[in-house]
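Each chain is listed here by its residues.
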Amino acid sequence: RGGGGGEGAGKAFTDLGSCCDHLAISMQQQSNEEAKKALMVVDDWLRVVRGAKEAIRRRGEQGGVTVLLRQEADRKTKVLASGQGGKQNITESDVMELSRKVEESASKCDSLSERIRSEMDAMKRQKSSELRNMLCGFVRVQVQYGSEVQKSWERVLPSLVAGLDPDSLSR
């Protein structure tokens, strides 16, 4: 029994090593694929966030312009109301022109704000869907890997059991 048992055990451990190597390689390949997919999603998210950040910056600048124009219009309106418009060379048409610019600037601000809101809502829906798909893909990979592990052990188990001496396990 000694010679045959040793050969059987050697084959069993060779099969076990092959099984472990196969599983490790398979796990690495699947992990790499999932990591690539995740990086693509994250890169896209970063691109969208940078775009949103730029849009918010532009909206902030436009808001600042609106505030400055409104302050200037208010100042000129007060000067005209106090009767000192002629002294400072401010006319009714100057105030009307500034009021028009204030309204135009405020409208741009509102438009930018609405665009940012709508783009952010669209991004949330899209990214939520992408995240859901990515997580489902991860679960599928885990299920596939679990199935592969099971099949690998089913292939190696007979030679492993046949190659081991039961007496050596109890020592």
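What counts, and where the lines are drawn
- Residues numbered from 1 in each chain as written.
- Predicted model: local features only at pLDDT ≥ 70, side-chain atom pairs only at ≥ 80, totals over all residues.
- Heavy atoms only, no water.
- Helix = DSSP H or I, 4+ residues; strand = E, 2+ residues; numbered from the N terminus.
- Rg over C-alpha atoms; globule rule 2.2 N^0.38 Å.
- Buried < 20%, exposed > 50% of the residue type's maximum accessible area, 1.4 Å probe, protein only.
- Contact = heavy atoms within 4.5 Å.
- Areas by Shrake-Rupley, 256 points an atom, 1.4 Å probe, with all protein chains shown as cover.
- Lys, Arg positive; Asp, Glu negative; His and termini not counted.
- Charge placed at Lys NZ, Arg CZ, Asp CG, Glu CD.
- pLDDT = per-residue confidence, 0-100.
- Salt bridge = Lys/Arg side-chain N within 4 Å of Asp/Glu carboxyl O.
- Polar contact = N/O pair within 3.5 Å; in protein donor to acceptor, adjacent residues only side chain to side chain.

**Q** When you look at the overall build of the chain in this model, what are you seeing that I'm missing?
**A** Helices and strands together make up the secondary structure of the chain, namely three helices and zero strands. Along its sequence from the N terminus, the chain presents helices and strands in the succession α-α-α. The C-alpha atoms of the chain give 36 Å as radius of gyration, which overshoots the globular expectation for 171 residues (16 Å, by more than 25%). With respect to the principal axes defined by its C-alpha atoms, the chain has extents near 120 × 25 × 25 Å. By the burial criterion, 25% of the 171 residues in the chain qualify as buried. A sequence separation of at least 24 residues applies to 84% of the contacts in the chain between residues at least 6 apart. Surface summary for the chain: the accessible area is close to 12000 Å², and the carbon and sulfur share equals 59%. When the 28 basic and 25 acidic side-chain charges of the chain are each reduced to a single mean position, those positions are 5 Å apart.

**Q** When you look at the confidence of the model for the chain in this model, what are you seeing that I'm missing?
**A** Low pLDDT marks stretches whose predicted atomic positions should not be read closely. On average, the chain scores 83 in pLDDT, and the residues at 70 or more come to 90%. Within the chain, the lowest mean pLDDT, 55, falls on helix H3 (residues 166-169), and the highest, 86, falls on helix H2 (residues 92-163).

**Q** Help me out: how do you make sense of unusual backbone geometry in this one?
**A** In this model, Asn89 sits at a positive phi of 60 degrees, which is unusual for a non-glycine residue. Tracing the backbone shows Asn89 in the loop between helix H1 (2-81) and H2.

**Q** Just to check I follow, could you spell out the pattern of salt bridges for this structure?
**A** Pairing between side chains becomes possible if they bear opposite charge and their charged atoms approach one another. Going through the model one piece at a time under the given rule, you end up with 13 salt bridges. For Arg117, the salt bridge is made with Glu114, and the minimal N-O distance between the two is 3.3 Å. Pair noted here: Arg117 and Glu114 are both in helix H2, with a separation of three residues, about one helical turn. Owing to a relative accessible area of 47%, Arg117 belongs among the partly exposed residues under this scheme. A relative accessible area of 43% means that Glu114 is categorised as partly exposed. Where salt bridges share partners, they join Asp44, Arg47, Lys127 and Glu130 into one cluster.

**Q** Please explain the side chain of Ser26 as it appears in this structure.
**A** Tracing the backbone shows Ser26 in helix H1. At 2.6 Å, the side chain of Ser26 and the side chain of Glu148 are in polar contact. The contact partners of Ser26, leaving out residues within four places of it in the chain, are Tyr145 and Glu148.

**Q** I would appreciate a short explanation of the environment of Val102 in the present structure.
**A** Take Val102: it is sitting in helix H2. Residue contacts for Val102: discarding those within four places in its chain leaves Thr66, Leu69, Arg70 and Ala73.

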